[in-house]
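# Examination of the molecular architecture
In case you want the letters, here they are:
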Amino acid sequence: MERQELEALLTLADELHFGRTAERLGVSAGRVSQIIRRLEHRVGAPLFERTSRRVILTPIGERLRDDLLPAHRMIEDALARAIAAGRGITGELRVGYSSSMAASLLLRTLASFRTSHPDCDVTIREIQLSDPYGPLRKGEVHLQVTELPVDEPDLTTGPPLFSSDRALLVSSGHALARRASVSLEDLADTTLLSIGGAVPPHWLDYHFPRRTPSGRPIPRGHAAIHWPEILYLVAAGEGVTLACVDAEPHHGHHGVTWIPVQERLPCTFAPIWAKQGASARVRAFVQMLGETARTHDTGWANVRPAAPGCTPRPGQEETPGHGE
């Protein structure tokens, strides 16, 4: 049986529509019909019943499909393993993430990547924002999806994946908690809590600005090492903080109110990796991350595919292919 016949039979059995089958195979609907007729002539019986309204498998067609599916999967798996080995996409790939939204995208990507590259063992782990690049530099992860901007000479930044709006987190007893939205100008009258640790100043100043848009200073409060600590301090009325609007379902905390910020202060996520660590595994996973981000619903109300340049990204190097 020719591969083209096998592909046409199994795809038509799945779609039960000549047009959609032709689109998936990259040929014309007439070509699909010709291949199926040739196969039916060889079998000596119809494999599909065709009417003006529908296409269905005959009992013989169902039996042939069921008998061929396991062999087809074996062929596809063997071919995928050979391609992966030829491209060096084997072994272990450790991927980090710094937010629940990045984890959501990674989990969607993992399913497709494992199917395409079954000999590559991929694991994921959370990266603390208090040490955003330490695990990458130590080789504990090969790649991570994190918040921009990244201005590190030893790291490469890939194309942006998605971007989210921002919210101000305040104590439920705070005067701002009754507002439908807030302005960054309101921060001049608050104490802004932020992340501490080995956080680059340019990153900190973007996500936790020191001045309002009009230039008024924003008082800084405690710099916490872990995100849950900030939530407890906000709930206790020790200050306010900024986060991605859509992180609330994952980081909602009793006594904390999330208020949309009026100004655009986008939190954009992108893959990053060590300049000396651009392996075939990393390149393949970055490419699939981009495809997943473009073609799948984020599942987050205020998250959108990122447009290049939507967040400051000094020193960026693209390759082809905060909800803190």
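This write-up is about the structure you can find in this document. (Residues numbered from 1 in each chain as written. Predicted model: local features only at pLDDT ≥ 70, side-chain atom pairs only at ≥ 80, totals over all residues. Heavy atoms only, no water.)

Moving on, we get to the nonpolar core. Counting residues in hydrophobic clusters, the biggest one holds 72 residues, and the most contacted among them are Phe-113, Leu-168, Leu-169 and Phe-285. Of all hydrophobic cores here, the second largest spans 17 residues; its members include Leu-39, Val-55, Leu-57 and Leu-68. (Core = buried A, V, L, I, M, F, W, Y, C linked by side-chain atoms within 4.5 Å. Buried < 20%, exposed > 50% of the residue type's maximum accessible area, 1.4 Å probe, protein only.)

Attention now moves to the environment of Gly-88. Checked against the element boundaries, Gly-88 lands in the loop between helix H4 (59–87) and strand S3 (91–97). Spatially, the C-alpha atoms of Gly-88 and Ala-284 are 9.9 Å apart, while their sequence positions differ by 196 residues. (Helix = DSSP H or I, 4+ residues; strand = E, 2+ residues; numbered from the N terminus.)

The next point concerns the sheet that holds strand S11 (residues 241–244). Two pairing modes exist for strands in a sheet, parallel and antiparallel, and in both the strands are linked by backbone hydrogen bonds. The strand order across the open sheet built from three strands is S11-S8-S12, with neighbouring strands paired in antiparallel fashion. Two strands in the sheet have a free side with no partner beyond their single neighbour: S11 and strand S12 (256–260). Within this sheet the neighbouring strands show an average axis-to-axis angle of 40 degrees, counted without direction. One ladder, built from four bridges, connects strand S8 (residues 166–171) with S11; its direction is antiparallel. From the neighbouring strand, Leu-168 faces S11, where its bridge partner is Leu-242. (Pairing = 2+ DSSP bridges. Axes fitted to C-alpha atoms, helices over the stretch in contact; angles between N-to-C directions.)

Turning our attention to the packing of helix H1 (residues 3–15) against helix H2 (residues 18–25). The interhelical angle for the contact between H1 and H2, taken along N-to-C directions, is 130 degrees, at an axis separation of 9 Å. One finds that H1 runs oblique with respect to H2. H2 is crossed by H1, and the crossing has right-handed handedness. When H1 is examined against H2, the residues Glu-7, Ala-8, Thr-11, Leu-12, Asp-14 and Glu-15 are found in contact with a partner set consisting of Phe-18, Arg-20, Thr-21, Arg-24 and Leu-25. Split into classes, the residues belonging to the contact of H1 with H2 amount to four nonpolar, two polar and five charged. (Parallel < 35°, antiparallel > 145°, perpendicular 65-115°, else oblique. Left-handed = near helix turned anticlockwise from the far one by under 90°. Contact = heavy atoms within 4.5 Å. Nonpolar A, V, L, I, M, F, W, Y, C, P; charged D, E, K, R; others polar.)

Turning next to the pairing of strand S5 (residues 143–147). The buried fraction of S5 is high, at five of five residues. Looking at chain direction, S3 and S5 are connected through three bridges and run parallel. Pairing of Tyr-97 across the sheet is with Val-145, part of S5. Examined bridge by bridge, S5 and strand S13 (residues 267–274) share four bridges and lie antiparallel to one another. For Gln-144, the partnering residue across the bridge sits in S13 and is Ile-272.

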